[in-house]
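Residue-level structural notes
In case you want the letters, here they are:
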Amino acid sequence: MSRIVGIDLGTTNSLVAYVDEKTGLSRVIPDGEGRVLLPSVVSFTDEGVVVGDAAKRLLVRRPAATVYSVKRLMGRGYEDVKEELCYLPFKVAPCDGIVRIQVGDREVTPPEVSAIVLKSLKERAEAHFGEPVEKAVITVPAYFNDSQRQATKDAGRIAGLDVVRIVNEPTAASLAYGLHRLKAGVIAVYDLGGGTFDISILRVKDGVFEVLATNGNTHLGGDDFDRAILVWLLDDILSKHGVYLGRDSEAMQELRLAAEAAKVRLSTEERTTLTIPFEGFTYHREITRAELEGLIGKLVDSTLGPCRMALADTGLALSDIDEVVLVGGSTRVPLLRRRVQELFGKTPHSQLNPDEVVALGAAVQAHILAGGITSMLLLDVTPLSLGIETLGGIVSVLIPRNTTIPTSAREMFTTSVDGQTVVDLHVVQGERELAKDCRSLARFELRAIDPMPAGMPKIEVTLLIDANGILQVQAKELRTGKAASIEVKPTYGLTEAEVERMVEESFAYAEADVEARLLIETRNEADTVITHVERALRQGADLVGEEERGRIRTALEALRAARQTDDRDRIRELTTELNRATEHLADVMMDAALRGALASKRASEIMESTS
Amino acid sequence: MDHFEVFGLPRRLAVDTAELQRKFYELSRRYHPDFHQAAPPEEQVRALEASAGLNAAYRTLRDPIARIEYLVRLEEGRDTKEGATVKPKAPPELLEEMFEIQEALAEAKAGGLDEAGRAALVVQRDRLMARLGDEETRLVGPLSQGWDASQPAERQRVLAAMKEALAIRAYLRTVIDDLNDALGESQEGYVTYRRH
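Residues numbered from 1 in each chain as written. Chains lettered and ligands numbered in written order. Predicted model: local features only at pLDDT ≥ 70, side-chain atom pairs only at ≥ 80, totals over all residues. Heavy atoms only, no water.

As for the interface of chain A and chain B
We count it as follows: Contacts between residues were defined by any pair of non-hydrogen atoms, one from each residue, lying within 4.5 Å. Summed over both partners, the accessible surface that disappears when two parts come together, traced with a 1.4 Å probe, is what is meant by buried area. Whenever a carboxyl oxygen of Asp or Glu lies within 4 Å of a side-chain nitrogen of Lys or Arg, that contact is scored as a salt bridge. Here a polar contact is taken to be a pair of N or O atoms separated by no more than 3.5 Å, where protein atoms must pair a possible hydrogen donor with a possible acceptor and residues adjacent in sequence count only if both atoms sit in side chains. Under the scheme used here, helices are H or I runs from DSSP no shorter than 4 residues and strands are E runs no shorter than 2 residues, and both carry numbers assigned from the N terminus. Gly is placed with the polar residues, together with every amino acid not listed as nonpolar (Ala, Val, Leu, Ile, Met, Phe, Trp, Tyr, Cys and Pro) or charged (Asp, Glu, Lys and Arg).
Contact residues are listed per partner, giving 45 residues for chain A and 26 residues for chain B. For the pair chain A and chain B, the summed buried area comes to about 2,900 Å², and 51% of that belongs to carbon and sulfur atoms. Taken together, chain A and chain B are joined by two salt bridges. With a shortest N-O distance of 2.5 Å, A:R165 and B:D34 are connected by a salt bridge. For the pair chain A and chain B, the number of links is ten residue pairs in polar contact (both at pLDDT 80 or more). A total of five residues in the side of chain A that touches chain B trace back to one element, the largest contributor, which is helix 9 (residues 304-314) of chain A. Among the residues making up the side of chain A that touches chain B, the classes are represented as 19 nonpolar, 13 polar and 13 charged.

Printed below as a string of structure tokens:
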């Protein structure tokens, strides 16, 4: 069997990994510059599409054309996400069915954006192995519903990958740990990433990883922590400087990135300082870990309910849990570790890098599928109950949540009118009693039923959830033995024809060669530096002498001119030079900002002591 | 193949669950689609169906009550979906109490619940949960043993007794769900029975 790689398609970062045949160990594949994490960011520029670190640098400068955290939009409709759209700088227009993102005059769907990330990882793996890579295992949050899984599979296809398996992230992580570190027993995997939360409880025994129950929230993660900080910063800036930045998408991106960086620093430090220069003023603020915890406490606590529900579904007690494993970058937050420890009464494991462990596990699953490992077997479950809408909009559950997959259910249907030749089926997923409160997956039309009196046809419908957690539907008319043809209308998905068109388009666009892309990236980096220097000159010109300003301007003009050419080496060289010429100015400005902050603090202290 | 045959077991209600689990893992290694990725398509389909069948059999047989429900269905030759085997039936000795509970529930629905009413419902609920526990103990204990020990001539009588107990259990679960709903406690702590 040909090579299969494991891919973690994350909200914030994505990775690709494989199992080294010689050592039997999982390895993540770095890019040409040794970077392992590929930021899941895609920017649509006039010169072409940019992905990863290069696109991340465009977040502030081209907010409307740079798409990030697209995983939160996968398999979703406009109604699902409209409340958070005000925080996203790119445009999502109201429409039926799946979310569509407006970038420039182009409209892209979340699977197409994810496909660009996947393609970049595919190329990275191909460069590593020196041969084509066509098959992949891709991970998804365990609590992803059918539409979200299907969207992920579509993304793989658009990227030119045969997605041989969709595997759940916490389960993948347990495989990575399982290789060497897990004893037999019951383990809880707590996985909080950039945008999604999962809890999975597994029994590990004799090489079998049997998931007992899973729960979660596919719309909760580090992004929400950042947003809580962002909202607080907006308020603070308004009260200190009298400026509301909520409608300035460049400033919002700058603040969001600063909030994220501060959150990360506060995982290891007790306090940290934010200094962000804006047009006309420099915002300066100290934030302590206690303040951060006040902002995100509710969000952290909201993960505990799903943990208790998953446990209840297993029928086990807290004391039956032998080990707790933490996965996902957000589990570095100390408050979260404390809460998880309090809930389970155990010190959680986190020896493997929480950013890499899911990809490492995906590689293990890929190796199992390729026949390289026969001692391990993963038995996963479907996270949500699957049912059919019946009379009065009530859901009849055919496959309960936490059923081991693959699984199938049969149900008989008939006609209600004489001569009826088509029967409609509405398949939903969720735990509520009314179909309208559940997730609509698809409407099926069973056709070509021979005309008979009402109630005579016996149509047997088989719903099968495969090992990917994806639904397949078959129907047969029992009297005639004929397979009824089925037309599927996914509620929040791409049709087969749409996916095929996108696959073709992606082949057409794929020809953009590496050199052209590198040139774009180099230009983007030059642009970032130019923007920063221009702003520094506006704000801090009087802090340095005329001669220094002259030197900076000369370097700036040289880079501006070079940027218009195709000479990548020259652009890079001049970017470095401009950076060097501005170093002193940057230092001086930082000192000034710090002095300003100290002065204002002292002033407020004086006020306090006199009042 | 019925669920008992999948595991090579006789149609008896006493099942060694540790052994069942061992056998489930062993059979999973044989049928799971993971191990048939390179096989021809028709063999992959067979593996998928065998694996789905095995999972359904294990889910049913590992749980002593689901095992009884399945057995009743199997003995009656019915092949409907799992679950709805019996019509719920109120326990005869609790009829009077049930009227009171239904009244209290209607009141709670109409005009909310004061502290005293709430406390009364909690007491009722806990009593019904105890009664449910008794019924389940009877099902998995004496009734199951009765089935396994019965002669062919006695089977119909034992089946009828099990169906009666299942009907009472189904009724109690519905009322407990309603009480939890009224108490607003169905979200956490208590697992709702209705969905399973």
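Examining the packing of aromatic side chains
Residues and elements named next belong to chain B. Put simply, the rule reads: When two rings of Phe, Tyr or Trp (its six-membered ring) have centres within 6.5 Å they constitute a pair, described as stacked for plane angles under 30 degrees, edge-to-face for angles over 60, and tilted for the intermediate range. Three exposure classes are used, based on accessible area relative to the maximum for each residue type with a 1.4 Å probe and protein chains only: buried under 20%, partly exposed in between, and exposed over 50%.
In the structure shown here, the tally under the stated rule is eight aromatic pairs over all chains. Their ring planes at 40° and their centres at 6.0 Å tell us that F4 and Y70 sit as a pair that is tilted. Within this pair, whereas F4 is found in helix 1 (residues 3-6), its partner Y70 is found in helix 4 (residues 64-75), the two being separated by 66 residues in sequence. The pair formed by F4 and Y70 is uniform in burial state, with each residue classed as buried. What links up through ring pairs into an aromatic cluster is the set F7, F24, Y25 and Y58.

Here's the deal with the domain arrangement of chain A
Often the size quoted for an interface is simply the accessible area lost on bringing the parts together. What counts, and what does not: An automatic or database domain assignment supplies the residue ranges for each domain.
Per the domain assignment, the segments making up chain A are domain 1 (4-220 + 302-379), domain 2 (222-300), domain 3 (384-506) and domain 4 (514-610). Using C-alpha coordinates to define each centre, domain 2 of chain A is positioned 47 Å away from domain 3 of chain A.

What to know about the sheet that holds strand 6 (residues 48-51) of chain A
Residues and elements named next belong to chain A. Convention followed: Note on pairing: two strands pair once DSSP finds at least 2 bridges between them. To get an axis, fit a line to the C-alpha atoms, keeping to the stretch in contact for a helix; angles then go from 0 to 180 degrees between the N-to-C directions.
Across the sheet, which stays open at both edges, the three strands sit in the order 6-5-7 with antiparallel pairing between neighbours. Because the sheet does not close on itself, it has two edges, and the strands there are strand 6 and strand 7 (66-67). Note: strand 5 (residues 42-45) against strand 6, four bridges, orientation antiparallel. Bridge pairing in strand 6 links T45 to G48. The strands touched by helix 3 (residues 110-129) are strand 5, strand 6 and strand 7; relative to strand 5, the strand with the most contacts, the crossing angle is about 105°.

Notes on the sheet that holds strand 13 (residues 185-192) of chain A
The pairing of strands in a sheet comes from backbone hydrogen bonds and takes either a parallel or an antiparallel form. Residues and elements named next belong to chain A. Judged by pairing direction, the sheet is mixed, and its five strands sit side by side in the order 18-13-14-15-19 without closing on themselves. The open sheet is flanked by strand 18 (323-327) and strand 19 (377-379), the only strands paired with a single partner. Adjacent strand axes in the sheet meet at a mean angle of 25° when their direction is disregarded. Direction of pairing for strand 14 (residues 197-205) relative to strand 15 (residues 208-217): antiparallel, over a ladder of nine bridges. For I199, the partnering residue across the bridge sits in strand 15 and is N215.

Some words on the pattern of salt bridges
Scanning all chains against the criterion turns up 56 salt bridges over all chains. A salt bridge links B:E135 to B:R138, with the shortest nitrogen-to-oxygen separation between them at 3.1 Å. Within this pair, B:E135 and its partner B:R138 are both found in helix 6 (residues 115-149), separated by three residues, close to a single helical turn. Assessed through its relative accessible area of 3%, B:E135 is described here as buried. Each member of the salt-bridge network shares a partner with another, and the members are A:R72, A:E84, A:D223, A:D224 and A:R227.

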